[in-house]
Amino acid sequence: MLKDTTTFFSCSAPNLATVISAMDLIHETLTSYSRNQKYCVSICVAVCLAKKTLNCYYKLTDKYEVYHIAIVLHPQLKLSYFKNTRWTEEWIDTA
């Protein structure tokens, strides 16, 4: 999954809306891996650390309105992204 993400962003010109969507996908995948008991404890711990690092970068997107604007202006996402990811109405109004 990380290799595919790296390849995608290396080969094309990503826009801000796709960056957030990719971060969401990575977070969901890492969450799934961290809960999968077929992996040994050290792998699960490493995955949790990766999630923590990703969350640090994700929080930075809240500091810059341009990410929210890009999603709202994206022809396929618009406000549906915020509703589908269960943002509160107050946060959606702010975006």
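Procedures and definitions
- Residues numbered from 1 in each chain as written.
- Predicted model: local features only at pLDDT ≥ 70, side-chain atom pairs only at ≥ 80, totals over all residues.
- Heavy atoms only, no water.
- Axes fitted to C-alpha atoms, helices over the stretch in contact; angles between N-to-C directions.
- Helix = DSSP H or I, 4+ residues; strand = E, 2+ residues; numbered from the N terminus.
- Parallel < 35°, antiparallel > 145°, perpendicular 65-115°, else oblique.
- Left-handed = near helix turned anticlockwise from the far one by under 90°.
- Contact = heavy atoms within 4.5 Å.
- Nonpolar A, V, L, I, M, F, W, Y, C, P; charged D, E, K, R; others polar.
- Buried < 20%, exposed > 50% of the residue type's maximum accessible area, 1.4 Å probe, protein only.
- Arc of directions from axis to C-beta.
- Phe/Tyr/Trp six-rings, centres within 6.5 Å; stacked < 30°, edge-to-face > 60°.

Let's talk about the packing of helix α2 (residues 16-35) against helix α3 (residues 41-61)
At their nearest, the axes of α2 and α3 sit 9 Å apart, and the two run at 155° to each other. In terms of orientation, α2 and α3 fall into the roughly antiparallel class. In the packing of α2 onto α3, the handedness of the crossing is left-handed. Residues Ile20, Met23, Asp24, Ile26, His27, Leu30, Thr31, Tyr33 and Ser34 of α2 lie in contact with α3, whose contacting residues are Cys44, Val47, Cys48, Ala50, Lys51, Leu54, Asn55, Tyr57, Tyr58 and Thr61. Residue classes in the contact of α2 with α3 are distributed as 12 nonpolar, 5 polar and 2 charged.

Some remarks on helix α4 (residues 65-73)
Three or four residues apart is the spacing at which side chains of an α-helix point the same way, because the helix has 3.6 residues per turn. Those residues of α4 that fall on the buried side of the exposure criterion are Tyr67, His68 and Ile71. Each buried residue of α4 lies within a common arc of 95° when the element is viewed along its axis, so the set occupies one face. Seen from the buried face of α4, the exposed residues on the opposite side, beyond 90 degrees, are Glu65 and Leu73. Packing partners of the buried residues in α4 comprise α2, α3 and α5 (80-84).

Structural notes on the environment of isoleucine 26
Its place among the elements puts isoleucine 26 in helix α2. Remark: the alpha-carbon pair of isoleucine 26 and alanine 46, spanning 20 residues in sequence, is separated by 14 Å. Not counting chain neighbours up to four residues away, the residues in contact with isoleucine 26 comprise Met1, Leu2, Thr5 and Leu54.

Thoughts on the packing of aromatic side chains
Counted under the stated rule, the structure contains 3 aromatic pairs. Between the aromatic rings of tyrosine 81 and phenylalanine 82, the centroid separation amounts to 5.4 Å while the plane-to-plane angle is 80°, which identifies the pairing as edge-to-face. There is no split in this pair, since tyrosine 81 and phenylalanine 82 are both buried. These aromatic residues form a ring-pair network of at least three members: Tyr81, Phe82 and Trp87.

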